[in-house]
Amino acid sequence: MFDPDGFEGEGHGGGFEPAPGVGGLVSGLVELEDVAGSLTLLAKVDFAGLGPDQLLDVVRDVAVLRNRLDGIDVAALAAATRAGAFSRTRTLTAAGFLRGECRLSRSEAAKRARVA
């Protein structure tokens, strides 16, 4: 079962390991914590209580939100790459960081690193 408040991971590479905040977030960005709180509420929605048309609308809306989050992810990854942030981790590269710290598959990590 999906646990929106779960925190999984083995540190963040550079020796600095902040305590997880809302939904396991570590950056301290209030805007991300707000999104995490909203996702926690959304995860509690009883989709079985919605009608077919509303369910289709929810599926569309979630896809729109996922695409927006993907765009933010790419922008943050590109900024981290430009800043040389990955040199501070044991992974040294964006793809390595995504594999090790974000638990992405090798192919997905490589794809996202290329896009950024």
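Quantities reported herein were computed from a predicted structural model and do not represent experimental measurements. Every chain is numbered independently, its residues counted from 1 as its sequence is written. The predicted nature of this model means local features are confined to residues of pLDDT at least 70 and side-chain atom pairs, given and counted, to a pLDDT of 80 or more, with totals for whole chains, interfaces and linings taken over all residues. In computing side-chain values, all of the structure's heavy atoms are included and hydrogens and water are not.

S.K.: Honestly, the overall build of the chain in this entry has me stumped. Any pointers?
M.R.: When helices and strands are tallied, the chain shows 4 helices and 0 strands. Helix and strand definitions here come from DSSP, where helices need a minimum of 4 consecutive H or I residues and strands a minimum of 2 consecutive E residues; each element is numbered from the N-terminal end. The order of helices and strands in the chain, counted from the N terminus, is α-α-α-α. Sorting the 116 residues of the chain into buried and exposed places 15% on the buried side. For every accessible area listed, the method is Shrake-Rupley and the probe measures 1.4 Å; residues are considered covered only by the protein chains on display. As presented, the chain carries roughly 8400 Å² of accessible surface, and 59% of it is formed by carbon and sulfur atoms. Residue burial is assigned from relative accessible area. The probe radius is 1.4 Å, only protein chains are included, and a residue is buried under 20% of its type maximum, exposed over 50%, and partly exposed in between.

S.K.: Hey, could you run me through the packing of aromatic side chains in this one?
M.R.: Here a pair means two rings of Phe, Tyr or Trp (six-membered ring of Trp) with centres within 6.5 Å. Their orientation is stacked below 30 degrees between planes, edge-to-face above 60, and tilted elsewhere. Scanning the model with the defined rule gives 1 aromatic pair in all. Ring geometry for Phe86 versus Phe97: centroids 5.4 Å apart, planes at 55°, classification tilted. Placement of the pair is Phe86 in the loop between helix H2 (52-82) and helix H3 (94-100) and Phe97 in helix H3, with a sequence separation of 11 residues. The same class applies to Phe86 as to Phe97, namely buried.

S.K.: Which parts of the structure should I look at to understand the confidence of the model for the chain?
M.R.: Detailed reading of predicted coordinates is not advised where the pLDDT is low. Scored from 0 to 100, pLDDT reflects the predictor's confidence in each residue. Averaged over all residues, the pLDDT of the chain equals 84, while 80% of them reach at least 70. Per-element confidence in the chain is highest for H2, whose mean pLDDT is 96, and lowest for helix H1 (residues 30-43), whose mean pLDDT is 92. Across residues 1-19, confidence stays below pLDDT 50; counting only partners more than four residues off in sequence or on other chains, it has 31 contacts. Should any heavy atoms of two residues lie within 4.5 Å, those residues are considered in contact.

S.K.: For this particular structure, what's the right way to read the side chain of Thr89?
M.R.: Tracing the backbone shows Thr89 in the loop between H2 and H3. Within the structure, the side chain of Thr89 is placed 3.4 Å from the backbone nitrogen of Leu92, a separation counted as a polar contact. Polar contact is the term for a pair of N or O atoms within 3.5 Å; when the atoms are in protein, one must be able to donate a hydrogen and the other to accept it, and sequence-neighboring residues count only if both atoms are side-chain atoms.

S.K.: Explain the side chain of Glu101 here, please?
M.R.: Here Glu101 shows up in the loop between H3 and helix H4 (106-115). We classify Glu101 as buried; its relative accessible area is 13%. A polar atom in the side chain of Glu101 sits 3.1 Å from the side chain of Arg90.

S.K.: What is the right way to look at the environment of Ala78 in this model?
M.R.: The residue Ala78 is located in helix H2 in this model. Accessibility expressed as a relative area gives 11% for Ala78, which makes it buried. Along the chain, Ala78 and Ala113 lie 35 residues apart, while their C-alpha atoms are 8.1 Å from each other.

S.K.: Just checking my understanding: could you explain the pattern of salt bridges for this structure?
M.R.: Any two side chains of opposite charge can pair, so long as their charged atoms come close to each other. What counts as a salt bridge is simple: a side-chain nitrogen of Lys or Arg found within 4 Å of a carboxyl oxygen of Asp or Glu. One pass over the structure, following the stated rule, counts 5 salt bridges. Between Arg112 and Asp73 there is a salt bridge, and its shortest N-O distance comes to 3.0 Å. Of this pair, Arg112 sits in helix H4 while Asp73 sits in helix H2, placing them 39 residues apart in sequence. Relative accessible area serves as the criterion here: at 25%, Arg112 is assigned to the partly exposed category.

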